[in-house]
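# Descriptive analysis of the structure
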Amino acid sequence: MVESSGQIMLLTDPRGWFWKKYNNRNQTESLDLTQIEDHLVTAGFQVEIANIAKLDWTRNYRGMHILYTSSEDFNGGTKSFVEDVLLWLEKQGSILVPSYHYLRAHHNKVMMELLRHSFLDSEMKTIQSRIFPSCKMALEHPFALPIVVKSASGAGSHGVALAKTKKQFIRVVRSFSRLAGWDFAALFKIRNFLRAFKRQGPVNYHNEKFVIQNFVPDLSGDYKVLVFNDHYFVLHRKNRQNDFRASGSGQFIAIPSEEIQGVLNFARKCQTAIRVPFLSLDIGFDGRSHHLIEFQCVSFGLKALTLSTGYYESSDNGIWQFVEKQSLAESEFSRALIVYLQMIK
Ligand SMILES: Nc1ncnc2c1ncn2[C@@H]1O[C@H](COP(=O)(O)OP(=O)(O)OP(=O)(O)O)[C@@H](O)[C@H]1O
Ligand SMILES: [Mg+2]
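Just so we're clear, the structure is a prediction, and the values are computed from it rather than from any experiment.

### A closer look at the sheet that holds strand E7 (residues 129–132)
Strands sit in the order E7-E10-E8-E9 across an open sheet of four strands; the sheet is antiparallel. Every interior strand has two partners, whereas the edge strands, E7 and strand E9 (160–163), have only one. When strand polarity is set aside, the average angle formed by the axes of neighbouring strands in this sheet is 25°. In this structure, E7 lies alongside strand E10 (residues 210–214), joined through four bridges in antiparallel fashion. Bridge pairing in E10 links Ser129 to Gln213. Packing against the sheet, helix H4 (residues 109–117) makes contact with E7, strand E8 (147–151) and E10, and its axis sits at approximately 135° to E7. Contacting E8, E9 and E10, helix H6 (residues 166–176) runs over the sheet at an angle of about 10° to E8.

Right under this line is the structure:
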C-alpha cells in the first residue's frame, strides 16, 4: 500500500468559491478545485473538498491541513464568518495553510503592519507604520509631513492617501476613520447633540482602524511579484497620472532589465522571512533601495500570473532566468503547496 502524504481539506467560501483567477483582465472565477485535487492526489495526499458554511460541527479536524479562501464582500461580513470558523479549526488542532494571522492580515493593513514589526530583516522595514484604532488618537499625535495614511481594508489604492499639510492630514484621517456612512454620520451628529444635553458622552463613529506610515519619495511605480515557491511572476505598474499610487492604475509597463535581478532578490528575502507557499508582494524601488509596500498570503489577486508571459526562476549560479510559459493558476498553486507541505513535514 502507498503511504499517504497526509490529509488535506480544501475549504471553499459559503458561495463555493476558492480564491479567484482572471480569465481576462476583468472577468474572475473560482480556481478549479477538481484540478487542484487531482494534483494533490497524484502527490499522495488524501483530499476532501468542503464548503466552510457546511462543515460537520460535531467532527474533530485535528491534524488535518486546511487550505482555505478568504472573502471580500461588503464590510467584511463573510470574512468575519470565515475567521470564526478557521479559528475554531485551528483551536481543534488542524493546520491552517497559511496560518491564521495571515488570514487576519488579508484586507487588513493594521494586522499586516503588526506582522511587519516581527520581521528581523531591517530591509523589510524601510516603511514604518503606526496603527490607530480611531481618529482622535492620531490627531493628537505629532507627525512629520508628508505622510501616507491608509485605511485598514482598502484595495486598488482606494483608502491610500498622501497628506502634505496638517489640514490634509486631518481631513484624510477623519474620512478614513469614519465607520458610519454619510447618512448614519448625520444621524450620529444629531444623536450626539441630544446626548450632550443629557450630559452623556458622544458616540464615536470615527472608530475605523487605519495606518500611518512614512512616504517613500521618488517611486514612479511599483512591482507586483507573485511567488509560487520558486516561480516568480512579475508585473511592473506605473503610477496613476500625477499620483504617487501604482496599485489599480492598470498601467503595466516593461520591466527595466537593470532592475529585475534586484527586485527578485528582494522578493526572495521576503519569501524566506514570511515562509508561506504563496505570496503576493508589492515592491517599490527608488533607484537605491527596495521597499516592501505590501504583502499578502491569502486570496490575493492572480492577475500577475494570468497576464505574465512566463515566470522568473533562480538558476544554480544565483542569476534569475525568465522561463517563457503560460502558467495555469491551479498548477502553480498545487505545485507550490506540495513543495511547501513536503518541506514542513
Ligand atoms: N509608504 C508609501 N510611500 C510611497 N508610495 C506608497 C506607499 N505606500 C503605498 N504606496 C503606493 O500606493 C499604492 C497603494 O498602496 P497599497 O499597496 O498599500 O494599498 P492597496 O494597493 O490599495 O492595497 P491592495 O494591494 O491590498 O489592493 C502602492 O501601489 C504604491 O504605489
Ligand atoms: Mg497594493
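That covers the picture; the talk isn't over yet.
### Notes on the packing of helix H1 (residues 33–42) against helix H10 (residues 329–344)
It is the contact of H1 with H10, at a shortest axis distance of 9 Å, that shows an interaxial angle of 35°. Here the hand of the crossing between H1 and H10 comes out right-handed. Contacts from Gln35, Ile36, His39 and Leu40 of H1 reach H10 at Glu330, Ser331, Phe333, Ser334 and Ile338.

### Some remarks on the nonpolar core
By size, the foremost hydrophobic cluster in this structure holds 59 residues, and its most contacted members are Val225, Val227, Tyr232, Val263, Ala267, Leu281 and Ile283. Taken together, domain 1 (6–104) and domain 3 (218–344) each give at least three residues to this core, which thus spans both. Residues contacting Val263, with those up to four places away along its chain left out, are Tyr223, Val225, Val234, Ile283, Phe285 and His290. Counting residues in each nonpolar core, the second largest holds 17 residues, with Cys135, Val160, Val172 and Phe210 among its members.

### Focus on the pairing of strand E14 (residues 278–285)
The element E14 is extensively covered by neighbouring structure, given that seven of its eight residues are classed as buried. The pairing of strand E11 (residues 221–228) with E14 spans six bridges and is classified as antiparallel. Bridge pairing links Phe228 to Phe278 in E14. Between the antiparallel neighbours E14 and strand E15 (residues 290–296) lie four residues, among them Gly287 with a positive phi of about 100°.

### Looking at the domain arrangement of the protein
For interface size, the figure often reported is the accessible area lost on association. Per the domain assignment, the segments making up the protein are domain 1 (6–104), domain 2 (129–214) and domain 3 (218–344). On the domain 3 side, the residues contacting the 19 residues of domain 1 number 16 residues. Tallying contributions element by element places H1 first for the side of domain 1 that touches domain 3, with four residues.

### Quick look at the environment of Gly154
Along the chain, Gly154 turns up in the loop between E8 and E9. Residues Gly154 and Ala144, ten residues apart in the sequence, show an inter-C-alpha distance of 24 Å. Aside from chain neighbours lying at most four places away, what touches Gly154 is Gly159 and Val160.

Calculation rules
Residues numbered from 1 in each chain as written. Chains lettered and ligands numbered in written order. Predicted model: local features only at pLDDT ≥ 70, side-chain atom pairs only at ≥ 80, totals over all residues. Pairing = 2+ DSSP bridges. Helix = DSSP H or I, 4+ residues; strand = E, 2+ residues; numbered from the N terminus. Axes fitted to C-alpha atoms, helices over the stretch in contact; angles between N-to-C directions. Contact = placed C-beta atoms within 7 Å. Left-handed = near helix turned anticlockwise from the far one by under 90°. Core = buried A, V, L, I, M, F, W, Y, C linked by C-beta atoms within 7 Å. Buried ≥ 20, exposed ≤ 12 C-beta atoms within 10 Å, placed from the backbone. Domains from an automatic or database assignment.

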